[in-house]
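# Analysis of the macromolecular model
Residue strings, one per chain:
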Amino acid sequence: MSNKMEGKVILGDIRDIAPTLPNNFFQAIVTSPPYFGHRDYSKGSNPNEIGRESEPDEYVENLVRIFRDLRPKLKSDGLFWLNLGDTYRDKLLLGIPWRVALALQNDGWILRSDIIWYKPNAMPSSVKDRPTTDHEYLFMFARTPD
């Protein structure tokens, strides 16, 4: 395969782009998708925007579907790196990063490592009933055990 992809920036919705990418091509995929319930990047113009799902399970299912489509794009010894922050709803921590990681594992990804990304300069939180969140998760997945 030629390196027509080398240095190329591809802009768009991954759900549309993934089918156009070559299989067994990428050594690494690194992503930080929109976190569940945090921001409205499209200002309400895209009801299907990732992260704007009404329920956590729907968000997890959407990410699993997307990353399932990306799995064959990785070389057999390639790695998939996923950065996710968590979400509180009604004063409950939802555990979104681990829900996604375990769902991806159930879908065939091999979870090789979890990394805590400590953020010493995290934005202070106005809540008074829990500590400020100063970390995010970075998960390392592989296609194969080797």
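For the structure itself, look to the data block above.
In this text, all values refer to a predicted model and were calculated from it rather than measured experimentally. (Residues numbered from 1 in each chain as written. Predicted model: local features only at pLDDT ≥ 70, side-chain atom pairs only at ≥ 80, totals over all residues. Heavy atoms only, no water.)

### Examining the side chain of R71
Counting through the fold element by element, R71 comes out in the loop between α2 (56-70) and β2 (74-84). If we skip the residues at most four places from it in the chain, R71 touches D107, G108, W109 and R143. (Helix = DSSP H or I, 4+ residues; strand = E, 2+ residues; numbered from the N terminus. Contact = heavy atoms within 4.5 Å.)

### Regarding the packing of aromatic side chains
Both the distance between ring centres and the angle between the ring planes are used here to describe each pair of aromatic rings. Taken as a whole and judged by the stated rule, the model has ten aromatic pairs. Seen from their ring centres, W98 and F139 are 4.9 Å apart, and the 80° between their planes marks the pair as edge-to-face. Here the residue W98 occupies a position in helix α3 (residues 96-106), and F139 occupies one in strand β6 (residues 135-142), the gap between them amounting to 41 residues. W98 sits in the partly exposed class, given a relative accessible area of 30%. On the accessibility criterion, F139 (0% relative accessible area) is buried. Linked through ring pairs, F67, F80, W98, W109, Y137, F139 and F141 together constitute an aromatic cluster. The aromatic ring of W117 is capped on one face by K119, whose charged end is 4.6 Å from the ring centroid. (Phe/Tyr/Trp six-rings, centres within 6.5 Å; stacked < 30°, edge-to-face > 60°. Buried < 20%, exposed > 50% of the residue type's maximum accessible area, 1.4 Å probe, protein only. Lys NZ or Arg CZ within 6 Å of the ring centre and 35° of its normal.)

### Some words on the sheet that holds strand β1 (residues 26-31)
Note on sheets: strands pair through backbone hydrogen bonds, and any given pair is parallel or antiparallel. Here we have four strands laid out as an open sheet, ordered β1-β2-β6-β5, and mixed in their pairing. At either end of the open sheet lies a strand with only one pairing partner, and these are β1 and β5 (110-118). This sheet shows a mean twist of 15° between the axes of neighbouring strands, independent of strand direction. Judged from the eight bridges that link them, β5 and β6 form a sheet pairing that is antiparallel. Counted as the bridge partner of L111 is F141 from β6. The sheet strands contacting α2 are β1 and β2, and the helix crosses β2 at an angle near 155°. Across the sheet, α3 is in contact with β2, β5 and β6; its angle to β6 comes to roughly 5°. (Pairing = 2+ DSSP bridges. Axes fitted to C-alpha atoms, helices over the stretch in contact; angles between N-to-C directions.)

### Quick look at the pattern of salt bridges
Inspection of the entire model under this criterion finds six salt bridges. In this structure, D57 and R99 form a salt bridge, with 3.6 Å as the shortest nitrogen-oxygen distance. Taken as a pair, D57 in helix α2 and R99 in helix α3 lie far apart in primary sequence, 42 residues in all. By relative accessible area, R99 is classed as partly exposed at 35%. For K119, the salt bridge goes to E136, with nearest N and O atoms at 2.8 Å. Placement of K119 in the loop between β5 and β6 and of E136 in strand β6 is noted, with a sequence separation of 17 residues between them. On the basis of relative accessible area, E136 is assigned to the buried category, the value being 10%. If you follow the salt bridges from partner to partner, you end up with R68, R71 and D107 in one network. (Salt bridge = Lys/Arg side-chain N within 4 Å of Asp/Glu carboxyl O.)

### Considerations on the packing of α2 against α3
Relative to each other, α2 and α3 sit at 45°, their axes nearing to 9 Å. Classified by the interaxial angle, the pair formed by α2 and α3 is oblique. For α2 against α3, the interelement crossing comes out right-handed. Contact residues: α2 offers P56, D57, Y59, V60, L63, V64 and F67, while α3 offers I96, R99, V100, A103 and L104. (Parallel < 35°, antiparallel > 145°, perpendicular 65-115°, else oblique. Left-handed = near helix turned anticlockwise from the far one by under 90°.)

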